[in-house]
Amino acid sequence: MGWGNTITRRLKVFSMALLIYFDYKAVQKRVQWVSTTKKSATWTKTHERNARRVLNLMIELEGLWVKMGQYLSTRADVLPEPYINVLKQLQDSLPPRPLEEVRGTIEKELGKPMSDVFADFVLDPLATASIAQVHRATLADGREVVVKIQHDGIKEIILEDLKNAKSLIEWIAWAEPQYNFNPMIDEWCKEAPKELDFNHEAENTRTVSRNLSHKTDCGSGSISSAVHVLIPEVIQSTDKVLILEYMDGIRLNDNDSLEAYGVDKQKLVEEITRAYAHQIYIDGFFNGDPHPGNFLVSKEPPHKPILLDFGLTKRISKSMTQALAKMFLSCAEGDHVALLSAFAEMGLKLRVDMPQQAMDIATVFFRQSTTASEAKENIKALSDQRERNVKALQEKMKLNKKEVQKFNPVDAFPGDAIIFMRVLNLLRGLSASLNVKIVYLDIMRPFAESTLLGSLTHGQIPNSQWIYDSPANSDVESKLRNYLLELGSDKILGIQVCAYKDGKVIIDTAAGMLGKYDPRPVQPDSLFPVFSVTKGITAGMVHWLVNEGKLKYEETVANIWPNFGTNTKELIKVHHLLNHTSGLHNALGDVVKSDPMLVCDWEETLNQIAKCTPETEPGSAQIYHYLSFGWLCGGVIEHASGKKFQEVLEEAIVRPLHIEGELYIGIPPGVESRLAALTVDTEELQKLSGIRAGPGVPPELLNNVAQMASGVPVLFNTLNVRRAIIPAANGHCSARALARYYAALATGGSIPPPHSADSKPPLGSHVHTPKFPTAPLKKKKGTGKKKCVSSTGNLQDVSNSDKNGYSQLRTSDADDEAAAAGSGSRIFSSDKILDAFMGVGEYESMVHPNGKFGLGFRRYSNASGTLRFFGHSGMGGSTGFCDVENNFAMAVMVNKMSLGSVTRGVVRLVLEELGLPVPDEFSTSGEKGPDMVLNLAPPEQQS
C-alpha cells in the first residue's frame, strides 16, 4: 500500500466522521424546539442519511470497515432501525475479486496448477467478504469442498485500517468522554491480524470441532450432549488458502428459505447460544466473531446450525474462564460479593465502589434478548438506566455534569473480557435480526455452573492442589494435613487451621475451595465469615477499654451510654453484658425477624436496643445473647472510647498484633476477592430435629435453628451483611489472625513474635482498608478534610476515618504509628486480665455461678472439670480458643456449615498429638459441637 493510498483512506475516514458528528450535533440543537412527532421524524431521517454515508464509505474502503459494518448491522437491540436496514447489506457478498488474482493466489500457495488440485472449480464465488472470498469446488478425488482465498494485499489494508480505527476511537473519546471504546479497539487491534493466517484458522476449526464433539460430565449429565452443531472438516490449509468440506446450508438472512424449509428460528438461535456457552465456559476457546455471515443452517431436519470462520478465535486461561462463569452466575443470583470478586479475578479494576450500579451494568450483557421490533423500547430502557447510573455516580463522587461526563469509573478492563462481551453482543444481535427472544441466563447457566463445579466432579483433586502449598511447621501439622485429606471434599469445602505453642506457629494450613461456586484455593490470607467467634473479639475490645481506664466492669451501662438507662435497664452493668446475664438475650429478636436487613444499620440498631426492656433481672440468669451481645457491647465501646467501633478494633487489636487485612467486623470495599462463601452440610442439618434447648439458650433461638442454618448462608453471603457492623455475628478473619489474637490473650496480652515467614503472603502485608485506584479526590479550600470510600460504599468528607470507623489508607506517618504500637510487648497491662477473661478470682462475683461464660468468653473445662481454656465458637463450626496453662492457641475456619464434627476432629487430633488436654466442648462425643447454640444444650442431648 502506497503512502498516497494510506493518506487518502485516513482522510476519507476522518472527514466522514466529522461530517456525521457535526450533523448529529446540529440536529440535537434543532429538535429542542419542535413537537414530539416532528422530532421523531427528524431523527429517523438523520439516522437514514448518516447510515447511507457510513455504508457507502465502508463499501468503498472494504477491508476492516466492512467487518465493522457487519458487526454493527447485527446490533438491532441497540442501534436505531435505519442503521440496521442499511448496514445489513454488508452481510451480502461484496464485489468479487478478479479470477486471475484468485488463480494466482491458489497456485502460489499450493505450489501446483489449479487443474492438478481441482476436478472442478466454480468461477462465481459463493461469497466475497472483507478478507477473502469463497468458491465451491470438487477435488481431484471427488470430494465436494469450498475454497477460501485471501484477497491480495489485504493484510496491509487491514493493518492500516486498524490504525485509523484506533485514531478515530481516541478522537471520539476526546470529544464525547462518555463514549470511550479504547479498551475494545485495543483488543481488536491485537486479535484481528490473526484472521489473516489461514493455517491458524484451520487449527482453530479443528480444535473447536473436537471440543464440541466431546461430552463433559457436570455431575447431573453430559452438557455437550445438548450441543447439536455442524462444523466443516478441514481438508488443507496454507497461509492464504483454506480448503474445507462443503456443507449445503441456508444463510441466516435468507428468511424466505428459512420459512420454506420450516426452520425453527427460536431453536436455531438457542442451539447456537449453547454452542458458544460450551466454547466459552467448558473449553475456554471460542469464536470471537459470531455475526450472521458466519452461520448456515443445514437443509435437512433437524436443521442444525453450521458454524463457519474461526479466524478470530480466542483462548482464555482457566482462571479467566472461572471468573467469567462466576460473573455470569453472580448476575443470575444478584450476588454483589461474587460479582466484585469476579471483577478482581479477571483484572477488571474499578475507581469507585458502587456495587449496585456494577451489577446493573454487568446484568445488561446477560439480559433476555429483544426482537428487532422491540429495539426502540430496548434502546430507551438502556438509555434510562445509563442516565440513572450517571446520576448515582455524580452524586457519589460529588461531580458536576461536565466532570461526570469525563469520569471513567473503570480503571482497567481486561482484553479477554472485551472479546467475551463482544460475543454476547453479537449473539444478542443475531437473535434480534431473526426476531426471536433468548433467555441467556437459562441457556448458559448449566455451562457456567459446570466450569465452577468441575473441580468437584471431575475426579479426585490432587493432594498437592487441595492442600495449599506451604511448608509444614511441625510433625503435628503433617499429620493434620493427612487427616484433612482423609476427610476429603465430602465433609470439607474450605478450611484453615492455625495453632501457636509457646508463642511460635506450629500449624498454618489452608485447604479446599473458597466456595461451592468458587473453585479457587483457600489460602492463608482468605477471609472466612465466623459468626459468633466475633463475640470473642468484641469482648477483647471491652477488656482493652477497661485496661485503658475508659470504663469499669462494675460501672452501669447507663453511666457510659445515657440513652440506655430506660425501661428498667438502669441497674445493668458492663459485666452483665459480658456474662450474658443482662436479661436482654432476645433484644431486637422480633424486629430482626420481621426486617432482617435492619442488622445492616448500625446506628439504628444501637438506637433500638437502647429502648429495649430486659426479660429477667440483671445477674439472675445466664441466657445466651445470640445477637444482642454485639450491639450492647458495641454501644458501650463507642460511648466509652468516643471513637467509632472499627477505629477501636484497629487500635486495640489489629495494629498491635500486625494482622492488617485479615481481621474485620464489617469488611471494607476491595477485599471481596479473598472472601470464602458459606454453604451448608445438608446431611448434618437433618440431625437438628429433636434437640431441645437447655437453660442457657433462648428457646426462640433453638426452635428456629434449622431454619436459620439453611437460610443464614444466603443472608451472610450478601454484600450488605458482610459490610455491616454486627459485633456478635459477622466477623471476617483468617485462622492465622485469630490464632495470633488468642496466642496474645493466652499470656495475658503479650504480643507473640512475628508470624512464620513460610506463610505466604506474609501476615499483616495487606492494606487494611484498600483504596480505589486513581479516584479523583476533591479537597475543599480551608479544610484539611479528604474524601474516602466508607465501608458502606459512600464517599464522604472525613478527617481521620469514615462514618463506620475505617481509617484511611495509611500514610507513612500512620505506618510509623502502627509500627510503634506493634513494638510494645503487651496489649494489656493488668496482671489479672486472665482472671477477668474467665471470670475467676476477684471477678468471680461478676459471673453467674456455674455458668458457661466468663466475661465475654466461653470457658472450657478439662476432663477433671478444671477451668483452663477460654475462647468462642460460632454457628457452623469455626472456632478460636486458648489453653492458658500450656500457652497454646488455636483457630479453625470452615465455610461448609455443620454441627462441628470436622472442627472437633481437627482440635482433638492436634491436642492429642501434642499431649495436651482437650476442652470439654471438643471432647464431647456426638455430632453437635462446637456450634454455640448446641453446646449450651443439656449434656444428655449431646450424644
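Parameters and conventions
- Residues numbered from 1 in each chain as written.
- Predicted model: local features only at pLDDT ≥ 70, side-chain atom pairs only at ≥ 80, totals over all residues.
- Heavy atoms only, no water.
- Helix = DSSP H or I, 4+ residues; strand = E, 2+ residues; numbered from the N terminus.
- Contact = heavy atoms within 4.5 Å.
- Areas by Shrake-Rupley, 256 points an atom, 1.4 Å probe, with all protein chains shown as cover.
- Pairing = 2+ DSSP bridges.
- Axes fitted to C-alpha atoms, helices over the stretch in contact; angles between N-to-C directions.
- Buried < 20%, exposed > 50% of the residue type's maximum accessible area, 1.4 Å probe, protein only.
- Lys, Arg positive; Asp, Glu negative; His and termini not counted.
- Salt bridge = Lys/Arg side-chain N within 4 Å of Asp/Glu carboxyl O.
- Phe/Tyr/Trp six-rings, centres within 6.5 Å; stacked < 30°, edge-to-face > 60°.

The chain is annotated in an unreviewed UniProt entry as ABC1 family protein of Urochloa decumbens.

A. Spatial organisation of the overall build of the chain. In terms of helices and strands, the chain carries 37 helices and 27 strands. Here the contacts in the chain between residues at least 6 apart in sequence split such that 70% fall between residues at least 24 apart. Accessible surface, the chain: about 38,300 Å² in total, of which carbon and sulfur atoms supply 52%.

B. Just the sheet that holds strand β9 (residues 295-298), in detail. Spatial strand order, β7-β9-β10: three strands in an open sheet with antiparallel pairing. Two strands lie at the open edges of the sheet, namely β7 (249-251) and β10 (305-307), each paired on one side alone. Taking the axes of each pair of neighbouring strands and ignoring which way they run, one obtains an average angle of 40° across the sheet. In this sheet, β10 lies alongside β9 in antiparallel orientation, the contact comprising three bridges. Within β10, the residue paired with Leu296 across the bridge is Ile306. Packing against the sheet, helix α11 (residues 265-283) makes contact with β9 and β10, and its axis sits at approximately 40° to β10.

C. Structural detail: the environment of Ser923. Tracing the backbone through its elements, the reader meets Ser923 in helix α36 (residues 920-923). Sequence separation between Ser923 and Arg908 is 15 residues, and the spatial gap between their C-alpha atoms is 6.9 Å. Beyond its immediate sequence surroundings of up to four residues, Ser923 is in contact with Arg904, Arg908 and Val918.

D. Structural view of the environment of Asp469. Tracing the chain through its elements places Asp469 in the loop between α19 (463-466) and α20 (475-491). According to the relative accessible area criterion, Asp469 is exposed, its value standing at 69%.

E. Fine view of the sheet that holds strand β15 (residues 504-515). Strand order in the open sheet formed by seven strands is β16-β15-β14-β26-β25-β24-β23, and the pairing between neighbours is antiparallel. Among the strands making up the open sheet, the edge pair consists of β16 (518-521) and β23 (858-861). Across the sheet, the axes of successive neighbouring strands diverge by a mean angle of 20°, strand direction being ignored. Inspection of the sheet shows β15 paired to β16 by two bridges, in the antiparallel sense. For Met513, the partnering residue across the bridge sits in β16 and is Pro521.

F. Inspection of the pairing of strand β5 (residues 234-237) at higher detail. The pairing of β5 with strand β6 (residues 241-245) spans three bridges and is classified as antiparallel. Bridge pairing in β6 places Ser237 opposite Leu242. The hairpin turn running from β5 into β6, its antiparallel successor, is three residues long.

G. Up close: the side chain of Arg740. Along the polypeptide, Arg740 turns up in helix α32 (residues 735-746). We note that Arg740 is buried and unpaired, the nearest opposite charge coming from Glu660 at a distance of 8.4 Å. Sequence-distant contacts of Arg740, defined by excluding residues within four places in its chain, comprise Tyr500, Leu657, Ile659, Ile751, Pro752, Pro753, Pro754, His755 and Leu763.

H. The pattern of salt bridges, seen in detail. According to the stated counting rule, one finds 34 salt bridges in the structure shown. For Lys326, the salt bridge goes to Glu345, with nearest N and O atoms at 2.7 Å. In this pair, Lys326 sits in helix α12 (residues 318-333) while Glu345 sits in helix α13 (residues 336-346), placing the two residues 19 residues apart along the sequence. Judged by relative accessible area, Glu345 falls into the partly exposed class, the value being 22%.

I. Broad picture of the packing of aromatic side chains. In the structure shown here, the tally under the stated rule is 23 aromatic pairs. For the ring pair Tyr21 and Trp171, a centre distance of 5.2 Å and an interplane angle of 75° mean the geometry is edge-to-face. Here the residue Tyr21 occupies a position in helix α1 (residues 3-30), and Trp171 occupies one in helix α7 (residues 154-175), the gap between them amounting to 150 residues. Classification of Tyr21 as partly exposed rests on a relative accessible area of 22%. Geometrically, the ring pair formed by Phe837 and Phe870 is tilted, given 5.3 Å between the ring centres and 50° between the ring planes. Of this pair, Phe837 sits in helix α34 (residues 833-838) while Phe870 is found in strand β24 (residues 867-873), placing the two residues 33 residues apart along the sequence. The buried category is assigned to Phe837, whose relative accessible area is 0%.

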